[in-house]
Amino acid sequence: MAQSNSGIGNVVTNTGLVEMAMAYSRSRILCAAARLGVADALGDEVRSVGFLAEQCQADTGALYRLLRALASIGVTEETTPEHFRLTAFGRPLRRDVPQSVWPAVVFWADLLADSWSLLTDCVRTGKPAAQVRDPNVPSRWSQDPEANSIFRAVMGTAPAEDYAPIAEAWDFSRAKVVADLGGGGGSLILAVLGLNPHLRGMLVDLEPSVDAAKPRFAQEDPSSRCELITADLTQSVPAGADVYMIKHVLHGRQDDVAITILRNCRAAMPQDGSLLIIEFILPTLVSHADPQLEGHLMSDLNMLAVTGGKERSEREWRTLLEAAGLKLTGVYPVGGDALMARNVGIVEVKPV
């Protein structure tokens, strides 16, 4: 791997491994900028460091140092000494713009990074961060009153067209009613309904997520064919659909809870119905470096640290399904370059 002198403290030439070890620096810079509201304070104007420090309630000298670092990675630009503006690249860090990344930055670089800081103990014990954390040290999640709304803003709120490759990867032509279980903001079900005008839909999630999705469904055209239903999947799954979809939900659950949800799906499905599990599908062997697979395996460790869940191989999916009275009948790759659809597969499931 190529050597580099970039990064923190170039006392010696940094090898690839050391570069990896220092990779948190950009994450922490963005997290600080998001938490301080730097992008919102800048808006569309050139602002002095003094003005920004007052708006962000920050130390002037320290904020200047942060702004320079942000400029070095293209988020801000120093136009004249101690005067900055936001770049086009940095604009999505504002909370008041369409497709703001502020919730995602805080979600990954703060709320979840807190759990990742305990990864060593998670691996040592096999337990998530919540179970290995010092009970006298509160989690960042518990300290943030916006944590749950930030989570909902990140999950399932992308444009429906980003989910089109998933909707195109399976044949919905014979379906009548499709239910999206744990569908968050509704992007996936809206994509499916948009491509299949004959379908009716059901968006099923916990009450806060359903409430957050209602304004979107009041505006988007296919939503007139979709019913919004509040349910806890660990307790029950609503009947009424012939195809059920569940995307990136089961990977966040330990095996026993995942089996409970799958059994609830089985109870709701008609005998000729289908369940589509949309998840990463891990290979049986990891024999070489693979950037695409790296994302799957980082997600696996993220589940370990944050929820206690896991990413699974096809063999592991079969084992879970058999325990729930279901059988795997096909695996469908998802094509396209859309980020929301990239690297996932559809596990088609039928009742035994």
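Everything below is about the structure shown above.
Each chain carries its own residue numbering, running from 1 in the direction its sequence is written. Under the rules for a predicted model, residues below a pLDDT of 70 receive no local features and side-chain atom pairs below 80 are neither given nor counted, while totals for whole chains, interfaces and linings still include all residues. Each side-chain value is derived from all of the structure's non-hydrogen atoms; neither hydrogens nor water enter the calculation.

A. Here's a closer look at the side chain of glutamate 279. Structurally, glutamate 279 can be placed in strand β8 (residues 274-279). Buried charged residue glutamate 279 carries no salt bridge. Nearest counter-charge: arginine 312, at 5.9 Å. Nitrogen and oxygen atoms within 3.5 Å of one another constitute a polar contact, given that in protein one can donate a hydrogen and the other can accept it, and given that sequence-neighbouring residues count only through two side-chain atoms. Separated by 3.1 Å, the side chains of glutamate 279 and histidine 248 make a polar contact. Polar contacts involving the side chain of glutamate 279 include one to the main-chain amide nitrogen of histidine 251, which spans 3.0 Å. The contact criterion used is simple: two residues touch if any of their non-hydrogen atoms lie within 4.5 Å. If we skip the residues at most four places from it in the chain, glutamate 279 touches His248, Val249, Leu250, His251, Glu311, Trp317, Val344 and Gly345. Numbering goes from the N terminus for both helices and strands, where a helix is a DSSP run of H or I of at least four residues and a strand is a run of E of at least two. Burial classes: relative accessible area under 20% of the type maximum marks a residue as buried, over 50% as exposed, and values in between as partly exposed (1.4 Å probe, protein chains only). Charge assignment in this entry is limited to Lys and Arg as positive and Asp and Glu as negative, and neither His nor the chain termini are counted. What makes a salt bridge here is a side-chain nitrogen of Lys or Arg within 4 Å of a carboxyl oxygen of Asp or Glu, nothing more.

B. Up close: the environment of glutamine 254. Turning to its location among the elements, glutamine 254 is positioned in the loop between β7 (243-247) and α14 (255-268). In contact with glutamine 254, not counting residues within four places along its chain, are Pro128, Thr307, Gly308, Gly309 and Arg312.

C. Quick peek at the sheet that holds strand β2 (residues 76-80). Any two strands are treated as partners once DSSP identifies two or more bridges connecting them. Across the sheet, which stays open at both edges, the three strands sit in the order β1-β3-β2 with antiparallel pairing between neighbours. Of all the strands in the sheet, just β1 (47-48) and β2 have a single pairing partner and so form its edges. On top of the sheet, helix α5 (residues 60-72) reaches β2 and β3 (83-86); it is set at about 110° to β2, its chief contact. Where helices are involved, their axes are fitted lines through C-alpha atoms of the stretch in contact, as for all axes, and angles between N-to-C directions lie from 0 to 180°.

D. Summary view of the pairing of β2. Here β2 runs beside β3; their pairing, made up of four bridges, is antiparallel. Bridge pairing in β3 links glutamate 78 to phenylalanine 84. In sequence, β2 turns back onto β3 through a hairpin of two residues, with glutamate 82 there showing a positive phi of about 65°.

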